[in-house]
Amino acid sequence: NNNLNNSIDLLFKSKLKIINFNIQKLTNLGKISEFFLHVKVSDAHIIILTEFDLPYSPHFLHQLHDFLQLHHFKLATPSQKRVGILVRTDLDYLTIQETDKITTNSLSIPHVKRYMTDITIQFHHTPIIILAVYVPVYQSSTSNPDVPLSQSDFLDSLYSILPSVQFQDLILAGDWNT
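Every value quoted in this text rests on a predicted model; they were computed, and no experiment measured them.

Draft legend 1. Highlighting the overall build of the protein chain. When helices and strands are tallied, the protein chain shows six helices and eight strands. Taken from the N to the C terminus, the helices and strands of the protein chain come in the order α-β-α-β-α-β-β-β-α-α-β-β-α-β. Counting only residues that meet the buried cut, the protein chain has 43% of its 178 residues in that class. Counting contacts in the protein chain only where the partners sit at least 6 residues apart, residues at least 24 apart contribute 65% of the total.

Draft legend 2. Focus on unusual backbone geometry. With a phi close to 50°, histidine 124 is a non-glycine residue in the positive phi region. Note on placement: histidine 124 falls in the loop between β6 (116–123) and β7 (126–134). By relative accessible area, histidine 124 is classed as partly exposed at 30%. With phi around 70°, histidine 125 is a residue other than glycine that occupies positive phi space. Within the element layout of this structure, histidine 125 appears in the loop between β6 and β7. Histidine 125 sits in the exposed class, given a relative accessible area of 77%.

Draft legend 3. Broad picture of the nonpolar core. In this structure, Ile46, Ile48, Met116, Ile121, Phe154 and Leu158 are the most contacted members of the largest nonpolar core, which totals 32 residues. Elements with a contribution of two residues or more to this core: β2 (46–50), β4 (83–88), β6, β7, α6 (151–161) and β8 (170–175). Broken down by element, the residue count for this core peaks at seven residues, all from β7. Grouped together as the second largest cluster of nonpolar side chains are 18 residues, Ile32, Leu49, Phe52 and Phe73 included.

Conventions adopted
Along each chain, the written sequence defines residue order, and numbers are assigned to residues from 1. Only residues with pLDDT of at least 70 are given local features in this predicted model, and only at 80 or more are side-chain atom pairs given and counted; all residues enter the totals for whole chains, interfaces and linings. Heavy atoms from the whole structure form the basis of all side-chain values; hydrogens and water molecules are not counted. A run of DSSP states H or I qualifies as a helix once it reaches four residues; a run of E qualifies as a strand once it reaches two. Both are numbered from the N-terminal end. Whether a residue is buried, partly exposed or exposed follows from its accessible area with a 1.4 Å probe, protein chains only, as a fraction of its type maximum: under 20%, in between, or over 50%, in that order. In this description, contact between two residues means that some pair of their heavy atoms is separated by no more than 4.5 Å. In this text, buried Ala, Val, Leu, Ile, Met, Phe, Trp, Tyr and Cys residues form a nonpolar core when linked through side-chain atoms within 4.5 Å.

Here it is as structure tokens:
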């Protein structure tokens, strides 16, 4: 319990800044520019993007590429997933230790892996796991038989892996579609 309090104190005192954003609606140049301006001003350490695997306009992809280079961010997770995690690379107190440790080793349903990703970071010498999820929109497989994964299937899988994760160093984020 003391470790949990120390981890929470560290996060608040050191101000780990995480932005979570669904990028599906970034459909025109104005919205794209506003988004990147907001992210720049926020001085975030980590950016979690949901609906990351959709086809995006060349404007978005170009600005994302420029943003990553100019502001020292790195895509820390595979780009073919529903969620992407960008991490600052210019800070000596923030390093990436591992990617997709939970999703690669813990899940037996192949479709579930596409809907979540995780990284383990060191933030001021404290290991923290960030698990980013995109919960499917459809409540059950009967809602839409063409969808390989329902909300209930996804949540059942997620709940099955959570006991294996140490909660004192876990941040859950993403799009819960509720």
